[in-house]
Amino acid sequence: MSEAENRPAGDARTAPVAVWQILEKLKGQDLLDWRLAEVKGRASIEERNLDIGFPFGWYPIVMTKDLAVGEVKPLRYFSKDLAIWRGEDGQVRMVDAYCRHLGAHMGHGGKVHGNLLECPFHAWRYDGEEGVVKEIPYSKSIPPQVKRKCTRTWHVTEANRWVWAWYHPHDVAPLFDVVHIPETSDPEWTDYDVHEWNVYGSIQNMAENGVDVAHFKYIHGTANVPLGDLRWGDWGRGADVRGKMGTPWGEVDGCISYDTMGPGQSWTRFTGISETLLVACITPVELDHVHARFCFTQPKAQAEGERAGVARAIIRDICKQFDQDKVIWDRQKYEPNALICEGDGPIAQFRKFYSRYYAKDEDRPEGENVTPIKRAV
């Protein structure tokens, strides 16, 4: 037994996991507050090499149930202020937030007029498809500059109880679709149990975490985590990790199967102990800020039956692991020339795959002036 293993549990030099001193006293509301609180005193975006842009793809924006017909909401994602609304036809639309007239934020106080978004300042009315001003109720004419496209409109779709928006820095049309997950609309499965975090780091670093096998021992306290059978597709990836799992009812065959489609859609199925689906909703707010929401659903027969305690324990354990990772992510630098050693896992292979989500210069429309960004490779 090593010297470290002989040290008492209260010794500050030892820990069940590396982040224990930060998390051990956080319980109940204190833990929930910590998950959302801003991290003060963190290094700048430039110091942390986080100025690499946002990877393109579909991202979850707002839950379907939280946007009623005739409702407008302000949002901020991708370092942009946005206004989203549901028209009287039931369709969701989203545009850049600021009115071209005198710069009012249309998400704050704006209202739905039919299917148009009405600015709260002077009631200029925008459509959500062409990005033009359709009506100015107090004026006999519409300025020609806003009769043609004058604001960005966003591709949006609804799936898995969420509204999704397509992000591409050059406003390129969607290159792939959101995957519909059957359990999310199955009446035999529970409503979402939602857990929420603000992570003050990079979606790139967060994504790499899944193939970084060495950290599971030191951050999560697990003996080992096999990578399983990896899948690499055109725009998505995944893996199936199978093994024997001990339960109060004996040993069972278990599987953790995760999949992604682009950088913004991820889902994991846990089978064996208690069937669980995790829909991970990870959306960048700023280059050093990611809004994370974990949506869990389980078969009602298990979640509300004799194994309800086990079902809840699985969710608690998954959230605990995310808490542990957040301690690192909140202050982690992106290391473009990372020194990888044996035992780290396929980080280099992952980076090569993930680089496809960053826009290339040749994707930029003619005449567009874009500030160059560092490349995440």
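A few points on the structure. (Residues numbered from 1 in each chain as written. Predicted model: local features only at pLDDT ≥ 70, side-chain atom pairs only at ≥ 80, totals over all residues. Heavy atoms only, no water.)

The backbone of F78 shows a phi angle near 60 degrees, a positive value even though the residue is not glycine. Relative to the elements of secondary structure, F78 occurs in the loop between β2 (72-77) and β3 (80-86). Phi angles above zero are rare outside glycine, and A123 is one such case at about 65 degrees. Among the secondary structure elements, A123 is positioned in the loop between β6 (116-118) and β7 (125-126). On the basis of relative accessible area, A123 is assigned to the buried category, the value being 15%. (Helix = DSSP H or I, 4+ residues; strand = E, 2+ residues; numbered from the N terminus. Buried < 20%, exposed > 50% of the residue type's maximum accessible area, 1.4 Å probe, protein only.)

Judged by nonpolar contacts, the single largest core of 46 residues is most densely connected at I61, F78, I84, M94, I282, F294 and F322. With 6 residues, the single largest contributor to this core is helix α8 (residues 308-329). Setting aside its immediate chain neighbours within four residues, M94 contacts I61, L75, L82, A83, I84, W85, R152, T153, W154, V156 and A165. F56, F176, M261 and V279 belong to the second largest nonpolar core, which has 18 residues in total. (Core = buried A, V, L, I, M, F, W, Y, C linked by side-chain atoms within 4.5 Å. Contact = heavy atoms within 4.5 Å.)

With that settled, the discussion passes to the pattern of salt bridges. A complete count under the given rule lists 21 salt bridges for this structure. Between E118 and K111 there is a salt bridge, with the nearest N and O atoms lying 3.7 Å from each other. Among the residues examined, K111 registers a relative accessible area of 48% and is labelled partly exposed. As a salt-bridge pair, D330 and K326 come within 2.9 Å of each other at their nearest N and O atoms. Judged on exposure class, the residue D330 and its partner K326 are both buried. (Salt bridge = Lys/Arg side-chain N within 4 Å of Asp/Glu carboxyl O.)

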